[in-house]
Amino acid sequence: MGRLLRWTAGLLLLAAMGGAATVGTGTVTIPPRYDPWAPLDIGETPNLLTRLKLSRLDGAPRQCHAVLGVAGLRFSPVTDRQTGEGCGLTDAVQVSRSAVAFNSGFTVTCPLAAAWMLFETHTLQPAARRHFGQPVTRVRHLGSYACRNVYGRAEGRRSEHATANALDIAGFTLADGTTIALPGDWTPSDGRKGAFLREIRDGACDVFRAVLGPDYNEAHRDHFHLDMGPYRVCR
């Protein structure tokens, strides 16, 4: 509720600013980072409007591709296709690398790729420099797209992985070759690696809709599940 109130207050303030800009002899230009209708800029420090701008990339592939291109992500668009009942790809991209290398390319929805770039830029790398004095150079993932139900069950709703709207992250490599991985480095929590993993888990919650890790259940003990689905969960 507190976050919603802050969002509402921020939007009302921006609306007031916009109204004030029409008063007088000219028009006052609102800086893009404070303009709710300006495109998302991955490089800008996130604020109250970042999540709104990120949400507008859903169903807007051209705008989303432009955002990713400016951010420096190496990707290629993927043709829309249905691969099974409740499974398929829509507005997806094949990611090859960003400022970090990945253990392999992966396919995700374009808004999820944009969320990753926000996370990498404003959470992952700053946390790595704070804790270790160096950047992350490689990320190990466990996959993104899989036509399956939640937890691979025979019945139930489809997983966000079924539409490439989720990415599972298992570990990181620093510039000096140091590795940080789940589940081994999750505990002890007071160690540098454990503190780093918890900080990026918490920071991911500001970008992704769902962030599931070792504290959520046994199925996620060895990775962070990141998705842009309808359910808001952070644990």
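Residues numbered from 1 in each chain as written. Predicted model: local features only at pLDDT ≥ 70, side-chain atom pairs only at ≥ 80, totals over all residues. Heavy atoms only, no water.

With an unreviewed UniProt entry as reference, the chain is termed Extensin family protein, source organism Azospirillum aestuarii.

**Quick look at the overall build of the chain**
The condition that has to hold: Under the scheme used here, helices are H or I runs from DSSP no shorter than 4 residues and strands are E runs no shorter than 2 residues, and both carry numbers assigned from the N terminus. Relative accessible area decides the class of each residue, using a 1.4 Å probe on protein chains only: under 20% of the type maximum gives buried, over 50% gives exposed, and in between gives partly exposed. By definition, residues are in contact when any of their heavy atoms lie within 4.5 Å. Using a 1.4 Å probe, the Shrake-Rupley method yields the accessible areas, and only the shown protein chains count as cover for residues.
Helix and strand counts for the chain stand at 5 helices and 11 strands. When each of the 235 residues of the chain is scored for burial, the buried share is 44%. A sequence separation of at least 24 residues applies to 53% of the contacts in the chain between residues at least 6 apart. If you sum the accessible surface of the chain, you get close to 11,900 Å²; carbon and sulfur atoms cover 54% of it.

**Some details on the packing of aromatic side chains**
Two aromatic rings are characterised by how far apart their centres lie and by the angle between their planes. The line we're drawing: Centre distance within 6.5 Å is the pairing criterion for rings of Phe, Tyr and Trp, where only the six-membered ring of Trp is used; planes under 30 degrees apart are then read as stacked, over 60 as edge-to-face, and the remainder as tilted. Only when the NZ of Lys or the CZ of Arg is both within 6 Å of the ring centre and within 35 degrees of the ring normal is a charge said to sit over the ring.
A full pass over the atoms with the stated rule returns 7 aromatic pairs. Taken together, a centroid distance of 5.4 Å and an interplanar angle of 70 degrees make the contact between Phe 132 and Phe 196 edge-to-face. Here Phe 132, found in helix H4 (residues 110-132), pairs with Phe 196, found in helix H5 (residues 192-204); they are 64 residues apart in sequence, far enough to count as distant. The ring of Trp 186 has Arg 198 lying over it, and the distance from NZ or CZ to the ring centre is 3.9 Å.

**Observations regarding the nonpolar core**
Here is the rule: Throughout, nonpolar core names a set of buried Ala, Val, Leu, Ile, Met, Phe, Trp, Tyr and Cys residues whose side chains join them through atoms within 4.5 Å.
Formed by 47 residues in total, the largest nonpolar core has its most connected members in Trp 116, Phe 196 and Phe 208. At the level of elements, helix H3 (61-71), strand E4 (92-97), strand E5 (101-109), H4, strand E6 (136-143), strand E7 (166-174), H5 and strand E10 (224-227) are the ones that each hand at least two residues to this core. A total of 13 residues in this core trace back to one element, the largest contributor, which is H4. When sequence neighbours within four positions are dropped, the list of residues in contact with Phe 208 reads Arg 51, Leu 112, Ala 115, Trp 116, Phe 119, Leu 226, Asp 227, Met 228 and Arg 232.

**Thoughts on the confidence of the model for the chain**
Put simply, the test is: Here pLDDT means the predictor's own confidence in every residue, given as a number from 0 to 100.
Across the chain, pLDDT averages 90, with 88% of residues at or above 70. Contacts for the low-pLDDT stretch residues 19-26, under 50 throughout, to residues beyond four places or in other chains number 3 contacts.

**Some points on the side chain of Ser 144**
What counts, and what does not: Think of a polar contact as two N or O atoms within 3.5 Å of one another; within protein, one of them needs to be a possible hydrogen donor and the other a possible acceptor, and neighboring residues in sequence only count if both atoms come from side chains.
Note on placement: Ser 144 falls in the loop between E6 and E7. Within the structure, Ser 144 has its side chain in polar contact with the backbone oxygen of Thr 107 (distance 2.6 Å). Non-local contacts of Ser 144, meaning those with residues more than four positions away in its chain, are made with Phe 106, Thr 107, Val 108, His 161, Ala 164, Ala 166 and Leu 167.

**Describing the pattern of salt bridges**
Defined as follows: For this analysis, a salt bridge means a side-chain nitrogen from Lys or Arg found within 4 Å of a carboxyl oxygen belonging to Asp or Glu.
Scanning all chains against the criterion turns up 5 salt bridges. A salt bridge links Arg 33 to Glu 44; its shortest N-O distance comes to 3.2 Å. Linking Arg 33 in the loop between helix H1 (2-21) and helix H2 (50-55) with Glu 44 in the loop between H1 and H2, this pair joins segments that are 11 residues apart in sequence. By relative accessible area, which is 21% here, Arg 33 ends up partly exposed. For Glu 44, a relative accessible area of 33% puts it in the partly exposed group. Within the structure, one salt-bridge network assembled from shared partners comprises Arg 201, Asp 202 and Asp 215.

**Describing the packing of H4 against H5**
To be explicit about the condition: For helices, the fitted line uses only the C-alpha atoms of the stretch in contact; every axis is such a line through C-alpha atoms, and the angle between N-to-C directions lies from 0 to 180 degrees. Should an angle lie under 35 degrees it is considered roughly parallel, over 145 roughly antiparallel, and from 65 to 115 roughly perpendicular; all remaining angles are considered oblique. Throughout, a crossing is termed right-handed when the near helix is turned clockwise from the far one, and left-handed when it is turned anticlockwise from it by less than a right angle. Classes in brief: Ala, Val, Leu, Ile, Met, Phe, Trp, Tyr, Cys and Pro nonpolar; Asp, Glu, Lys and Arg charged; the others, Gly included, polar.
Contact geometry for H4 and H5: axes closest at 10 Å, N-to-C directions at 160 degrees. Taken together, the axes of H4 and H5 are roughly antiparallel relative to one another. Relative to H5, the crossing made by H4 is right-handed. For the pair H4 and H5, the contacting residues are Phe 119, Thr 123, Leu 124, Ala 127, Ala 128, Arg 130, His 131 and Phe 132 in the first and Arg 192, Lys 193, Ala 195, Phe 196, Glu 199, Ile 200, Gly 203 and Ala 204 in the second. Counted by class, the contact of H4 with H5 contains 9 nonpolar, 3 polar and 4 charged residues.

**A short note on the state of the cysteines**
Heads up, the rule is: Two cysteine sulfurs form a disulfide in these notes if their separation is within 2.5 Å.
Within this structure, the stated rule accounts for 3 disulfides. Here Cys 205 engages in a disulfide with Cys 234; their sulfurs sit 1.6 Å apart. With the S-S dihedral at roughly 65 degrees, the linkage between Cys 205 and Cys 234 falls on the right-handed side. Of the two residues, Cys 205 sits in the loop between H5 and strand E9 (210-212) while Cys 234 sits in strand E11 (residues 233-234), which places them 29 residues apart along the sequence. Indicated for the chain is the disulfide connectivity 1-3, 2-4, 5-6, based on numbering the bonded cysteines in sequence order.

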